[in-house]
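Residue strings, one per chain:
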Amino acid sequence: MSLMAPGAAEIEALALAAAERLPPPFREHLAHVVLHVADFPDEGVMEEMGLESPFELLGLYQGHPVGSPGEFATGRMPPTIFLYRRPLLDAWAEGEDSLEALVTHVLVHEVGHHFGLSDADMEAIEASVQQP
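A quick note: this is a predicted structure, and the numbers were derived from the prediction, not measured.

Cut-offs used in this document
- Residues numbered from 1 in each chain as written.
- Predicted model: local features only at pLDDT ≥ 70, side-chain atom pairs only at ≥ 80, totals over all residues.
- Heavy atoms only, no water.
- Phe/Tyr/Trp six-rings, centres within 6.5 Å; stacked < 30°, edge-to-face > 60°.
- Helix = DSSP H or I, 4+ residues; strand = E, 2+ residues; numbered from the N terminus.
- Buried < 20%, exposed > 50% of the residue type's maximum accessible area, 1.4 Å probe, protein only.
- Salt bridge = Lys/Arg side-chain N within 4 Å of Asp/Glu carboxyl O.
- Expected span 1.5 Å × (residues − 1).
- Arc of directions from axis to C-beta.
- Contact = heavy atoms within 4.5 Å.
- Polar contact = N/O pair within 3.5 Å; in protein donor to acceptor, adjacent residues only side chain to side chain.

A word on the packing of aromatic side chains
Here's step 1: Per the stated rule, a full pass over the model turns up 2 aromatic pairs.
Here's step 2: Ring centres of Phe40 and Phe55 lie 5.0 Å apart, and the angle between their planes is 80 degrees; on these two criteria the pair is classed as edge-to-face. Linking Phe40 in the loop between strand 1 (34-38) and helix 3 (43-49) with Phe55 in the loop between helix 3 and strand 2 (59-62), this pair joins segments that are 15 residues apart in sequence.
Here's step 3: Judged by its relative accessible area of 26%, Phe40 falls in the partly exposed class.
Here's step 4: We classify Phe55 as partly exposed; its relative accessible area is 32%.

This is the structure we're talking about:
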């Protein structure tokens, strides 16, 4: 049994496993989305979002939603889903859900932004991909 907190590689593995459980149309589009695990959001993100603490944000989608103008514009950075390890670990330690369930929740939420989905749509997708 490891006494070390899960690292970026473990968080990424949980997210990739959750992505594999998404419905096929989402998996296909995610082939073009970069997944990046960082300890915290950077200062630019914190400022842009008006965050007082880096622990306020568990994940972030940056890029154009599917079907929006500029989705395939050249010279742009690829769409990216950021997962923030330290805030995720804090939320996991304070909550009742497994780390896998929490990472899945955040990933589905960020994928939902990529597709421009409603909260209800995201909840339905999350319910379909959670492990029993």
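Next, the rest of the story.
Focus on the pattern of salt bridges
Here's step 1: Counting across every chain of the model gives 2 salt bridges.
Here's step 2: Here Arg21 makes a salt bridge to Glu100, at a shortest N to O gap of 3.7 Å. Residue Arg21 is found in the loop between helix 1 (8-20) and helix 2 (24-30), and its partner Glu100 is found in helix 5 (residues 99-115); the two are separated by 79 residues along the sequence.
Here's step 3: On the accessibility criterion, Arg21 (22% relative accessible area) is partly exposed.
Here's step 4: Assessed through its relative accessible area of 27%, Glu100 is described here as partly exposed.

Focus: helix 1
Every α-helix winds through 3.6 residues per turn, so residues three or four apart in the chain are directed the same way.
Here's step 1: A rise of 1.5 Å per residue sets the reference length of helix 1, with its 13 residues, at 18 Å; its end C-alpha atoms lie 18 Å apart and thus fit the reference within 8%.
Here's step 2: Among all positions in helix 1, only Ile11, Ala15, Ala18 and Ala19 are buried. Seen along its axis, helix 1 keeps its buried residues to an arc of 100 degrees; they face one direction. Of the exposed residues in helix 1, the ones pointing more than 90 degrees away from its buried face are Ala9 and Glu20.
Here's step 3: Turning to helix 1, the residues buried within the fold contact helix 2, strand 1, strand 3 (80-84), helix 4 (85-94) and helix 5.

Some remarks on the side chain of Thr80
Here's step 1: Looking at the element boundaries, Thr80 is found in strand 3.
Here's step 2: A polar atom in the side chain of Thr80 sits 3.0 Å from the backbone oxygen of Pro78.
Here's step 3: When residues no more than four places from it in sequence are discounted, the contact partners of Thr80 are Val33, Val34, His36, Leu60, Tyr61 and Gln62.

Take it as geometry only, folks, not as evidence of what the structure does.
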